[in-house]
Structures are given as structure tokens and as C-alpha cells.
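# Architecture and fold: a report
Here's the letter readout for the chains.
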Amino acid sequence: MNAFPSHTAAARGLATCAVCGKVQDHRVGHCQRCHAKLHLRTPRSIQRTLALTFAATVLYIPANVLPIMTVGGLGGEEPSTIFSGVVLFWQMHAYPVAIIIFTASVVIPILKIMAILRLCWAATRPCNPRAATRIYRLTEIVGRWSMIDVFVVAILVAVVQLGSLMTIRPGPAAVAFGGVVVLTMIAAMSFDPRLIWDRAHVTQSTPNSDADSYS
Ligand SMILES: [Zn+2]
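Here the residue numbering is sequential within each chain, running from 1 through the sequence in written order. Given that this is a predicted model, residues contribute local features only at a pLDDT of at least 70 and side-chain atom pairs are listed and counted only at 80 or more, while totals for whole chains, interfaces and linings are drawn from all residues.

### A look at the overall build of the protein chain
Where helices and strands are cited, they refer to DSSP runs of H or I of at least four residues and of E of at least two residues respectively, numbered from the N terminus. Helix and strand content of the protein chain: eight helices and five strands. To assign burial, the other C-beta atoms lying within 10 Å of each residue's own C-beta are counted, with C-beta atoms placed from the backbone; 20 or more indicates buried, 12 or fewer indicates exposed, and intermediate counts indicate partly exposed. Every one of the 215 residues in the protein chain was classed for burial, and the buried ones make up 30%. Contacts spanning at least 24 positions in sequence make up 61% of the contacts within the protein chain whose residues lie at least 6 apart. Contacts here follow a simple rule: the backbone-placed C-beta atoms of the two residues must lie within 7 Å.

### Digging into the confidence of the model for the protein chain
Every residue gets a pLDDT, meaning the predictor's confidence in that residue, from 0 to 100. Per-residue pLDDT for the protein chain has a mean of 83; in total, 90% of the residues score no lower than 70. The element-level mean pLDDT for the protein chain is lowest in helix H8 (residues 208-212), coming to 45, with helix H1 (residues 45-65) highest at 94. Contacts of residues 205-214 to residues separated by more than four positions or lying in other chains number 14 contacts, the stretch itself having pLDDT below 50.

### Considering helix H3 (residues 95-124)
To estimate the expected span of a helix, subtract one from its residue number and multiply by 1.5 Å. Helix length check: H3 (30 residues) gives 42 Å between terminal C-alpha atoms against 44 Å at 1.5 Å per residue, within 8%. Bend at a given residue is defined as the angle between two axes, one fitted to the seven residues that end at that position and one fitted to the seven that begin there. The sharpest bend along H3 reaches about 35 degrees and sits at isoleucine 108, with the proline proline 109 one to four residues further on. Among the residues of H3, those classed as buried are Ile101, Ala104, Ser105, Pro109, Lys112, Ile113, Ile116, Leu119, Ala122 and Ala123.

### Topic: the sheet that holds strand S4 (residues 76-80)
Should DSSP find at least two bridges between two strands, the strands are regarded as paired. If you walk across this open sheet you meet the three strands as S4-S3-S5, and the pairing is antiparallel. Single-partner strands in this sheet number two, and they are S4 and strand S5 (166-170). With direction set aside, neighbouring strand axes in the sheet form an average angle of 20 degrees. Of the strand pairs in this sheet, strand S3 (residues 69-73) and S5 are connected by five bridges, and their pairing is antiparallel. Opposite methionine 69, over in S5, you have proline 170 as the bridge partner. Whenever a helix is involved, its axis is fitted only over the stretch in contact; in every case the axis is a line through C-alpha atoms, and angles between N-to-C directions fall within 0 to 180 degrees.

### A word on unusual backbone geometry
Phi is positive for arginine 44, close to 50 degrees, though the residue is something other than glycine. Of note, arginine 44 is situated in the loop between strand S2 (23-25) and H1. Overall, arginine 44 belongs to the exposed group, with 12 C-beta atoms counted inside 10 Å. The backbone of histidine 93 sits at a positive phi, close to 65 degrees, despite the residue not being glycine. Along the chain, histidine 93 falls in the loop between helix H2 (82-91) and H3. Residue classification places histidine 93 among the exposed residues on the basis of 8 C-beta atoms within 10 Å.

### What to know about the environment of valine 175
By secondary structure assignment, the location of valine 175 is in helix H6 (residues 172-190). Judged by local crowding, valine 175 falls into the partly exposed class, with 15 C-beta atoms found within 10 Å. Between the C-alpha atom of valine 175 and that of isoleucine 68, which follows or precedes it by 107 residues, the distance is 8.4 Å.

### Observations regarding the pairing of S3
Bridging between S3 and S4 involves five bridges; their strand directions are antiparallel. Within S4, the position partnered with glycine 72 by the bridge is glutamate 77. Adjacent in sequence and paired antiparallel, S3 and S4 are bridged by two residues.

### A closer look at the packing of H1 against H3
Running from amino to carboxyl end, H1 crosses H3 at an angle of 155 degrees, the nearest separation of the two axes being 10 Å. Here H1 is positioned roughly antiparallel relative to H3, judged by the angle of their axes. Considering the relative orientation of H1 and H3, their crossing is left-handed. Where H1 approaches H3, its residues Ile46, Thr49, Leu50, Thr53, Ala56, Thr57 and Tyr60 are matched on the opposing element by Pro109, Ile113, Ile116, Leu117, Cys120, Ala123 and Thr124. Three classes are used, and their members are as follows: Ala, Val, Leu, Ile, Met, Phe, Trp, Tyr, Cys and Pro are nonpolar, Asp, Glu, Lys and Arg are charged, and the others, Gly among them, are polar. Counted by class, the contact of H1 with H3 contains ten nonpolar, four polar and no charged residues. Orientation is classified from the angle alone, with under 35 degrees giving roughly parallel, over 145 giving roughly antiparallel, 65 to 115 giving roughly perpendicular, and any other angle giving oblique. Crossings are classed by handedness, with left-handed meaning an anticlockwise turn of the near helix from the far one by less than a right angle and right-handed meaning a clockwise turn.

### What to know about H2
Listed as buried for H2 are Ile82, Gly85, Val86 and Phe89. Across the axial projection of H2, the buried residues extend over an arc of 105 degrees, all falling on one side. Those residues of H2 that are buried are in contact with H1, S3, S4, H3 and H6. Trailing H2 by a residue or two, histidine 93 shows a phi angle of about 65 degrees, which is positive. Directions pointing from the helix axis toward each C-beta atom define the arc.

And the structure:
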């Protein structure tokens, strides 16, 4: 495997365990500490990441078009999409809930999909590796908060059961939205950030110290 520049750990046969982070000889096959499979670079990382991201993008459409919950009350049942739910909560003066749902359900998924596509682009084209790594870390942090909307719907369904006065039931978009969240999370995990630095070495735009932090 001499495809890697001589000063990288990969050129010396060393790989980072994707699970526990231990750097070791990849020829042993499995991590000596946690037994996860070792790879110098995750096989078909970009293809897998792109496939999952496109699947998430397709699911994003029914997640926003179909009703995510049905609010029942004295005036009958009213199905609401994510966006109409935001408007409904705003009109009910539940501003924090409206803002959280709008941010978590509309803004974050789009930003996350764009960030993942940007990373795939960065791994195949000359780019600023530091900026791309910052995007990768941001994607990881944001990923933890993507499920907030599903939690909000789950909590509302469980809590708002006021008999004939008001009930909230989940709609089909909740499943699609859950799919978007899970697929983007797996897509972000499938991406191998070391590819960004491989490309940086090819373009010879980074000092050696940057390479040493990525094995
Ligand atoms: Zn390990």
C-alpha cells in the first residue's frame, strides 16, 4: 500500500480503530483493544455516504409533505405537517417549541445533507482540509440533536391526551422524518475523514504536522 505519502501513518501500515481510536498495525485485521475491523481507509466510504445521503434527501420530501401529527380537539381532527405544526405552535404562543421544531426539523436536516455532500466533494477535489475537518466535526455535533423533533412529537403524543378536548397522534411523516435522521447519521458515520487529508497531501498544501494527527 504505497499510495499514501511516506510521512503518513498509513504508509507505515498503521490505522486508527474507528471505534476506540487506538492506532495500530492494520495487518492484524481487528483492533487489539475492541476487536473492531481495521481499515487504512474505510472501503467505498464516499459511495456509501452519497447513497445514504440521497436516500435521506428522497425521504425528506414525504417528511415535509405528509402530516407529522394529527391534532384532535372539539372542532374535529386536523392533520399538520412539520411546517404547519410550527405555525400552530407559534399561534398557541409556544414560541420555544415552535423554534425548536423549525430548527431541528427544517433547518438542521438540510444543513446536514449539504455538509455531508460538501465533505464528499472535499474528499475528491483539492480543498482546504482544515475547513473540511471543521465541517465534519460540526456534522458530528449536530447529528446528536437531529432526533429532537421525533422526541417532541413522541412527548406531545404521550402528554397531550385531554380526552375530547385535545389529543395528538403521530402521522406518516414521523416515520419518514425518522428515516431522514437515521440515514444522515449513518451517512456521516460512513464518511472517512482521513480521505480529506489524503487529498490535501496530493495537492501538497498542508504541513506535516497536520498529517500526523490523522492516521
Ligand atoms: Zn478499537
